[in-house]
Amino acid sequence: MNTGLLVLAVLVIAIAGFILGRRHSLVTANGDIRNLHSLPGYHGQSVFIFAAAPALLLVCVWLLAQPLVIESRVSSMIEPSDIPSGSTLGLVMADVRRISDGLDVAVAQGALTEAQIDNMRADLTDVRSRLADVGIAVGSNVSQNVFLAAKEFRALNGIGRIAMAIAGLALALAGAAFAYSRITPRYRARNVSEGAIKALMILSSTVAILTTLGIVLSLVFETVHFFRLYPAQNFFFNFTWNPQFRGGSDLGIIPLLWGTLYVSFTALAVAVPIGLLSAIYLAEYASSTVRSVAKPTIELLAGIPTIVYGLFALITVGPMLRDYFAQPLGLGSSSSSVMTAGLVMGIMVIPFISSLSDDVINAVPQAMRDGSLGLGATRSETVKKVILPAALPGIVGAILLAASRAIGETMIVVMGAGAAAKLSVNPFEAMTTITVKIVSQLTGDTEFASPETLVAFALGLSLFVVTLGLNVVALYVVRKYREQYE
Amino acid sequence: MSVAEAEKTRERWQTVMSGPAPEHIKMHTRDVCVFYGAKQALFDVDLDIGEREVTALIGPSGCGKSTYLRCLNRMNDTIDICRVTGKIELEGEDIYAPSIDVVELRARVGMVFQKPNPFAKSIFDNVAYGPRIHGLAGSKSDLEDIVVSSLKKAGLYNEVSDRLHEPGTGLSGGQQQRLCIARAIAVNPEVILMDEPCSALDPIATAKVEELIDELRENYSIVIVTHSMQQAARVSQRTAFFHLGILVEVGDTDRMFTNPQDQRTQDYITGRFG
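It should be emphasised that the depicted structure is a prediction, and the values quoted were computed from it without experimental measurement. (Residues numbered from 1 in each chain as written. Chains lettered and ligands numbered in written order. Predicted model: local features only at pLDDT ≥ 70, side-chain atom pairs only at ≥ 80, totals over all residues. Heavy atoms only, no water.)

**Re the overall build of chain A**
If you tally the helices and strands in chain A, you get 17 helices and 2 strands. In terms of overall size, chain A is more extended than a compact globule, its C-alpha atoms giving a radius of gyration of 32 Å where 486 residues would be expected to give roughly 23 Å. Seen through its principal axes, chain A has C-alpha atoms that stretch 85 × 80 × 40 Å. Counting the 486 residues in chain A, one finds 40% classified as buried. Relative to all contacts within chain A whose residues are 6 or more apart in sequence, the contacts with residues 24 or more apart total 73%. Counting only carbon and sulfur atoms, one obtains 67% of the accessible surface of chain A, whose full area is about 25,100 Å². (Helix = DSSP H or I, 4+ residues; strand = E, 2+ residues; numbered from the N terminus. Rg over C-alpha atoms; globule rule 2.2 N^0.38 Å. Buried < 20%, exposed > 50% of the residue type's maximum accessible area, 1.4 Å probe, protein only. Contact = heavy atoms within 4.5 Å. Areas by Shrake-Rupley, 256 points an atom, 1.4 Å probe, with all protein chains shown as cover.)

See below:
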């Protein structure tokens, strides 16, 4: 029985439990729901929860634990002599798994029977070619020991799966029976359901937090690894970025960090005024008809894929800036430039700022507007002196979100600003950002132990620290200048 | 509609005048109708607001008294679907004329709202808000004088003199409302509109605000919307009774409460409906 089917079976038991539990609760109450502490639906839910939750939890744990147990049993069967020179136990075990899977496929296709497999010996039969016949490719010739290990692996897996199915179904039935037996008119099934929902929510937030933690930790570990191979002061204070394939690279973050900040700053310089002013217009001045058309239209900008923005930068904006600004001003002749990427990225993040700011401005109580207008203030005075201070936290939040998008953006930078790591103040020169270099260091044929590859993690961590710092600063600004309304 | 029916409607809309019109008329309104979209909220209201006296607007909820009040400084302009017809004059000047600057009008006709709505700024900045935007103070000390005298007029100065730079939102409800009144009088308006200024306050704070209104009468024309008939009787000199968008009866407060002419006014005042 495979896992999907098992989960389905558990759910069927749970649903059956739900229906039976519901009916049983009504029976215990002599058909009058006023005698029940909880509505029949809650009794059903409680049976459902007791049937499904422990069984599914068991299946999850089992699926995580079974491979570990089986791997350790089987890998002890592999002798050191079975490992070809230059290979590792891990690679041999990968072969073992593949052969085991191949035998499963062969049986499923009817190319082999169970009896044939039992009698098969790797030193007599060419296992590799037999498996190739059913479409499974094995890296090297199969030795008898490896083949035995594969058969053992397959057998243990089979036993494990059956055991898991039996245990899971038994637990589901036991849980359902237990919960069913507890149903009485006074049983507080409603509270059980409440507890289960709370547990589900806690579980979800735990998953989110642990994932974040996991990502940060993996970055930190790889970064530490990188700094063992490459001195930290060179990474932070070297002004050149020049990775080489044969070692001796210069991996200074400064030109990349400069490029990132420069491009993001340009983008925000475009997006913040446009976004904020259009938000104020939409929230305070526009009639509801204009608003109902304009707001979704602006939000449409957020739905355009970044690759399309990239094309726009590459084909339209870049050459235009070069022909009309950079060349006449004598600032260079590159169509890839910080300005190109910044402008296009700025357009991309306008909706983040305008839409969110519009929402927070709308949330400022109408009483504040009335108070200001009633004193003879104009609309723009009201906006400037009352509404913006009150909406400040939300607006800063919107700008931060836009900044994070800009800092993390890759595609527009590659197509608009190029991939040359340079340190320059000329906005019409090609530069590049941290994210672009992370991509270029990790793509292609690279060895995962060289500083040239691992630098990507250090770059990623630096980016993370930069955005985190930005958030902290913004939080401080908001605390200091906010005018709070209840 | 037949002629007889029209006559009847006409009669129904006719305002009963119990007593003479005010001696000095500050604001003069004729045939004021207000529409929210297609729905008419006020029908041909004729009412005169006397100078340096308190006019109370009473009537059951939804009768149009707040709507009328908001016509007097054109706060209804902020509502998209609202349309006002008829004539409203301030000192003989039509306030809906194109030549009128609505911002200037609102500086002359100030407003205090139902719920205290101080800005989340310091007490000082709350009061200084109006003088600052209108450029009423020539210097910093001028501004301080205006703030202090406004707070004194609002009877709040003694309670807050040592914490002028703390947020206005930290005051109690009654103090907040008096701060809003101080904020309104700092602009030195001619008329002050009050939309149920005590409905969110406890009896003690209410008494203080009422006392204040009585003092302010010396210098300002005041129009107050209230649900409390005792309050109208206590603070006002003239009372106008609205019902279903019609100004039913207007006259001296004393006459209105002791000897109302219209049956509807009598029913409302004696608590038979509303």
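Structure's up, so let's keep going.
**So, the pattern of salt bridges**
Residues and elements named next belong to chain B. Tallied over the entire structure, the rule returns 23 salt bridges over all chains. Between E159 and R178 there is a salt bridge, with the nearest N and O atoms lying 2.9 Å from each other. Note that E159 is positioned in helix α6 (residues 157-160) and R178 in helix α7 (residues 173-185), a separation of 19 residues in sequence. Judged by its relative accessible area of 27%, E159 falls in the partly exposed class. Here the residues in one salt-bridge network are K26, E91, E93, R108 and E190, joined through shared partners. (Salt bridge = Lys/Arg side-chain N within 4 Å of Asp/Glu carboxyl O.)

**Focus: the interface of chain B and chain A**
Accessible area lost upon the coming together of the parts is a frequently used measure of interface size. Counting residues at the interface gives 22 residues for chain B, matched by 21 residues for chain A. A per-residue breakdown of the area chain B buries against chain A is headed by A120, Y129 and I133 of chain B, which together make up 27% of the total. Summed over the shared surface of chain B and chain A, the result is 0 salt bridges. The tally of links from chain B across to chain A stands at 5 residue pairs in polar contact (both at pLDDT 80 or more). At the level of secondary structure, the elements contributing two or more residues to the side of chain B that touches chain A comprise α3 (102-108), β7 (109-112), α4 (123-134) and α7 of chain B. For the side of chain B that touches chain A, the class distribution of residues is 13 nonpolar, 4 polar and 5 charged. (Buried area = accessible area lost by both parts, 1.4 Å probe. Polar contact = N/O pair within 3.5 Å; in protein donor to acceptor, adjacent residues only side chain to side chain. Nonpolar A, V, L, I, M, F, W, Y, C, P; charged D, E, K, R; others polar.)

**Topic: a nonpolar patch on the surface**
Residues M320, Y324, F325, L329 and L331 of chain A make up a contiguous nonpolar surface patch of about 540 Å² in total accessible area. Here M320 of chain A shows up in helix α11 (residues 306-329). (Patch = residues over 30% accessible without salt bridge, like charges linked within 9 Å, V, L, I, M, F, W, Y side chains within 5 Å.)

**Comments concerning the packing of aromatic side chains**
Residue and element names in this part refer to chain A. This model, assessed by the stated rule, comprises 11 aromatic pairs over all chains. A ring pair is formed by F227 and F235, whose centres lie 5.6 Å apart and whose planes are at 65°; its orientation type is edge-to-face. Residue classification places F227 among the partly exposed positions, given a relative accessible area of 26%. Residue F235 is classed as buried on the basis of its relative accessible area, which comes to 0%. (Phe/Tyr/Trp six-rings, centres within 6.5 Å; stacked < 30°, edge-to-face > 60°.)

**Structural notes on the domain arrangement of chain A**
By domain assignment, chain A separates into domain 1 (3-187) and domain 2 (236-481). In this structure, domain 1 of chain A and domain 2 of chain A have C-alpha centres spaced 48 Å apart. (Domains from an automatic or database assignment.)

**Quick notes on the side chain of T382 of chain A**
One can find T382 of chain A in helix α14 (residues 379-408). At a separation of 2.8 Å, a polar atom in the side chain of T382 of chain A contacts the main-chain carbonyl oxygen of T378 of chain A.

**Description of the state of the cysteines**
Note: disulfide means a covalent bond formed between the sulfur atoms of two cysteine side chains. Residue and element names in this part refer to chain B. Per the counting criterion, the structure on display carries 0 disulfides over all chains. For C63, which is in no disulfide, the shortest distance to another cysteine sulfur is to C71 and amounts to 13 Å. Classification of C63 by relative accessible area gives buried; the value is 2%. As a non-bridged cysteine, C82 has C71 as the owner of its nearest cysteine sulfur, 6.3 Å distant. By relative accessible area, which is 15% here, C82 ends up buried. (Disulfide = S-S within 2.5 Å.)

**Looking at the pairing of strand β8 (residues 191-195) of chain B**
Residues and elements named next belong to chain B. Taken across its 5 residues, β8 has 5 buried, putting it largely inside the fold. Every second residue of β8 is oriented toward a common face, with V191, L193 and D195 on one face and I192 and M194 on the other, all of them buried. The sheet contact formed by β8 and strand β9 (residues 221-225) spans 5 bridges and is parallel. Bridged to I192 within β9 is I222. (Pairing = 2+ DSSP bridges.)

**A closer look at unusual backbone geometry**
One non-glycine residue with positive phi stands out, namely N30 of chain A, at about 55°. Locating N30 of chain A in the fold gives a position in the loop between α1 (3-28) and α2 (40-75). We note that E196 of chain B has phi near 45°; this positive angle belongs to a residue other than glycine. Here E196 of chain B is to be found in the loop between β8 and α8 (203-216).

**Notes on the confidence of the model for chain A**
Averaged over chain A, the pLDDT score is 88; the fraction of residues at 70 or greater is 98%. By mean pLDDT, helix α5 (residues 127-133) of chain A is the weakest element of chain A at 75, and helix α9 (residues 254-285) of chain A is the strongest at 94. (pLDDT = per-residue confidence, 0-100.)

**Some points on the environment of I438 of chain A**
Residue and element names in this part refer to chain A. In this fold, I438 is placed in helix α16 (residues 434-442). Residues I438 and G460, 22 residues apart in the sequence, show an inter-C-alpha distance of 7.3 Å. In this structure, I438 is in contact with A456, L459 and G460, ignoring residues within four places of it in sequence.

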